[in-house]
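Letter by letter, the chains look like this.
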Amino acid sequence: MSDASSFLPERDEFMKNIEKRARERYIPIISPEVGQFLKVLIRATRPKRILEIGTAIGYSTIWMARAAGRGVEVVTIEIDEERAFEARENFEFYGLREQINLKIGDALEIIPYLRREFDLVFIDAAKGQYINYLDPLMEIIPPGGVIVADNVLYRGYVQQEGPVKHKRRTMVNNLKEYIDIVTHHHLLDTSIIPIGDGIALSVKKNDREVEPGL
Ligand SMILES: C[S@@+](CC[C@H](N)C(=O)[O-])C[C@H]1O[C@@H](n2cnc3c(N)ncnc32)[C@H](O)[C@@H]1O
């Protein structure tokens, strides 16, 4: 299989240091090539407001906020307080505290209260829950808005033929269901992209595009 991991994008020393800290403590963060993908996607689509579900220590948030530029608000949600505090310190380093609105709590409870539209949503929290985010997210994404979900191929287990180990079964089944829903959703066009741990890139259709075959 071909993949993009040998084309590592440039990162400064502080970003490399976040990668190292995450690695040492087994905190899962996006790979640099996914960071670069998000950067290019943001530069191409120019979202006015970005939402992230799953901040961890802020690595992907920093990629997105820097790609989007100062005028673009990034709302990011993290359930783990300690990680959120560390993320805040990392945002501080780049002077991003004003641009990034970090919310601590369960995304499922917070999303219905956001009451604003987001042109780009990055889902990178508990893999088993992606399906639960979809309906509330469809309420706050305008036509043309984009949903990026990370880890949808889950180290190849999602495409694996034959039985999946018990401990991974629920997660794999939930990810398969997410892929199935977003690839057949009448309001979404979706592409599954095999970079990093697999990305589902979906765009919300407008009224004209909802017609069958378009
Ligand atoms: C894969 S990590 C995020 C990595 C981060 N996006 C990055 O690439 O730098 C997933 C994070 O989602 C958080 N999380 C899990 N369930 C959540 C929920 N229901 N609401 C908010 N955050 C959640 C976890 O605590 C964890 O820090």
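Residues numbered from 1 in each chain as written. Predicted model: local features only at pLDDT ≥ 70, side-chain atom pairs only at ≥ 80, totals over all residues.

Asks: Teacher, can you tell me more about the overall build of the protein chain here?
Replies: Summing up its helical and strand segments, the protein chain has seven helices and seven strands in all. Ordered by position in the sequence, the α and β elements of the protein chain form the string α-α-β-α-β-α-β-α-β-α-β-α-β-β. Taking 17 Å as the expected radius of gyration for a compact globule of 214 residues, we find that the protein chain reaches 17 Å, a close match to that expectation. Oriented by its inertia axes, the alpha-carbon framework of the protein chain measures out at about 45 × 40 × 35 Å. By the burial criterion, 35% of the 214 residues in the protein chain qualify as buried. Contacts spanning at least 24 positions in sequence make up 70% of the contacts within the protein chain whose residues lie at least 6 apart. (Helix = DSSP H or I, 4+ residues; strand = E, 2+ residues; numbered from the N terminus. Rg over C-alpha atoms; globule rule 2.2 N^0.38 Å. Buried ≥ 20, exposed ≤ 12 C-beta atoms within 10 Å, placed from the backbone. Contact = placed C-beta atoms within 7 Å.)

Asks: Honestly, the pairing of strand 1 (residues 49–53) in this entry has me stumped. Any pointers?
Replies: Every other side chain in a regular strand lies on the same face of the sheet, so the side chains alternate between the two faces. Across the five residues of strand 1, five count as buried, placing the element largely inside the fold. Of the two faces of strand 1, the one holding R49, L51 and I53 and the one holding I50 and E52 are both buried throughout. Sheet topology places strand 1 next to strand 2 (residues 73–78); five bridges connect them, and they run parallel. In the sheet register, I53 faces strand 2, and the bridge partner there is I77. (Pairing = 2+ DSSP bridges.)

Asks: I tried to follow helix 6 (residues 130–140) on my own but got confused; where do I start?
Replies: Among all positions in helix 6, only Y130, Y133 and L137 are buried. Angular distribution of buried residues about the axis of helix 6 spans 50°; they occupy a single face of the element. Opposite the buried face of helix 6, at more than 90 degrees from it, the exposed residues are D135 and E139. Where helix 6 is buried, its residues contact strand 1, helix 5 (107–110), strand 4 (120–123), strand 5 (146–150) and helix 7 (166–184). (Arc of directions from axis to C-beta.)

Asks: Please explain helix 2 (residues 32–45) as it appears in this structure.
Replies: Because an α-helix completes one turn every 3.6 residues, residues spaced three or four positions apart along the sequence face the same direction. Relative to the 20 Å expected for 14 residues at 1.5 Å per residue, helix 2 spans 20 Å between its end C-alpha atoms, a close match to the ideal helical length. Every buried residue belonging to helix 2 is among P32, V34, G35, Q36, F37, L38 and I42, and all of these are buried. On its buried face, helix 2 sits against helix 3 (59–68), strand 4, strand 5 and strand 7 (199–204). Directly beyond the C-terminal end of helix 2, a positive phi value near 50° is found at R46. (Expected span 1.5 Å × (residues − 1).)

Asks: What should I look at first to understand the nonpolar core in this one?
Replies: The nonpolar side chains of soluble globular proteins are, as a tendency, buried together. One finds M64, V121, I123, A149 and V152 to be the most contacted residues of the largest nonpolar core, which totals 52 residues. When residues of this core are assigned to their parent elements, the largest contribution, six residues, is made by helix 3. In this structure I123 touches I53, Y130, Y133, I147, A149 and D150, once residues within four positions along its chain are discounted. (Core = buried A, V, L, I, M, F, W, Y, C linked by C-beta atoms within 7 Å.)

Asks: What exactly am I supposed to notice about the site of the ligand here?
Replies: Within the structure, the ligand sits among 20 residues, and G54, A56, Y59, S60 and A107 are positioned closest to it. Here the residues of the shell around the ligand sort into twelve nonpolar, three polar and five charged. (Near = placed C-beta within 6 Å. Nonpolar A, V, L, I, M, F, W, Y, C, P; charged D, E, K, R; others polar.)

Asks: Would you explain unusual backbone geometry in this entry?
Replies: The backbone of Y26 sits at a positive phi, close to 55°, despite the residue not being glycine. Relative to the helices and strands, Y26 is located in the loop between helix 1 (13–24) and helix 2. For A56, which is not glycine, the phi dihedral falls at a positive 50°. Within the secondary structure, A56 is located in the loop between strand 1 and helix 3.

Asks: How should the sheet that holds strand 6 (residues 188–193) be read in this particular structure?
Replies: Remark on secondary structure: sheet strands pair via backbone hydrogen bonds, oriented parallel or antiparallel. Across the sheet, which stays open at both edges, the seven strands sit in the order 3-2-1-4-5-7-6 with mixed pairing between neighbours. Each edge of the open sheet carries a strand with a single partner, namely strand 3 (100–104) and strand 6. Looking at each pair of strands side by side, their axes are set apart by 15° on average, direction ignored. Note that strand 2 and strand 3 share five bridges and pair parallel. Looking at strand 3, one finds that I77 is bridged to K103. Along the sheet face, helix 6 touches strand 1, strand 4 and strand 5 and points at about 165° away from the line of strand 4. (Axes fitted to C-alpha atoms, helices over the stretch in contact; angles between N-to-C directions.)

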